[in-house]
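Understanding the architecture of this molecule
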Amino acid sequence: MATVELRFSAQPEHVRTARLVAAAVARRAGVDEAVLDEVRLAVGEACSRAVNLHRTYGLTAPVRVVLNEEEKVFSIEVGDGVPAPGTAAAAEDVPVSGGSVPAGDLYEADSGDGEDEMGLAVISGLVDDVEVTSDDHGGVIRMSWPTASAVALP
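Source: prediction; values computed, not measured.

Attention shifts here to helix α1 (residues 13-29). Helix length check: α1, at 17 residues, gives a terminal C-alpha distance of 25 Å against a target of 24 Å (1.5 Å per residue), a fit within 8%. Close packing links the buried residues of α1 with β1 (2-8), α2 (36-57), β2 (63-69) and β3 (73-79).

Applying the stated criterion to the full structure yields six salt bridges. For the salt bridge of Glu5 with Arg7, the shortest nitrogen-to-oxygen distance reads 2.8 Å. The class of Glu5 is partly exposed, set by a relative accessible area of 44%. For Arg27, the salt bridge identified is with Glu33, shortest N-O distance 3.0 Å.

We now examine α2. Since one α-helical turn is 3.6 residues long, residues separated by three or four positions face the same way. Taking 1.5 Å as the rise per residue, α2 with 22 residues should run 32 Å; its terminal C-alpha atoms sit 32 Å apart, in good agreement. One or two residues past the end of α2 sits Gly58, with phi positive at roughly 70 degrees.

Analysis parameters
- Residues numbered from 1 in each chain as written.
- Predicted model: local features only at pLDDT ≥ 70, side-chain atom pairs only at ≥ 80, totals over all residues.
- Heavy atoms only, no water.
- Helix = DSSP H or I, 4+ residues; strand = E, 2+ residues; numbered from the N terminus.
- Expected span 1.5 Å × (residues − 1).
- Contact = heavy atoms within 4.5 Å.
- Salt bridge = Lys/Arg side-chain N within 4 Å of Asp/Glu carboxyl O.
- Buried < 20%, exposed > 50% of the residue type's maximum accessible area, 1.4 Å probe, protein only.

And the structure:
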C-alpha cells in the first residue's frame, strides 16, 4: 500500500497542482484511463471547497490531500480545518483574520452556502463512492475508485 500526502496553503493556484498530482498517482495505482478526468475534476472540486473554507474564515492551517493506493481501490481524502458543530473543538474559538469566532459558527455559516452544496453535488455526480465527514480536526471528503486489479477480466 502506497500513500502520498500533500499539504498546501489555501491558495486557489495550488488546486491545479493537487489535481495533477492526484491524476498522476491514480494512473500509477491502476485507475482506468477513462476515469482519470473524473478523478481530476472531483479532486479539483474538493480542494476548491477546502480552499474556499480556509480563505473565507482566514484559517491558517494547510489543506490536506491524502492519496492511498490499496490492493483493489484508490482513495483520496481532502481535509479542511473547520471543526464540526457539536464537537469539543467547535466550542473553542478558532483564530481567523482580525480575531476569533467559535468554530461551530464557521461550519454552520458555510453549510447553507449554495456554492458549497453545488460543489458537493458535483463530486457526488463524479464519484460513486464518496463520504463526507467532519470532526474535531475538520471536514474530510473521502472518494475512492476501483483499480485495474479490482476489475474482473472476462
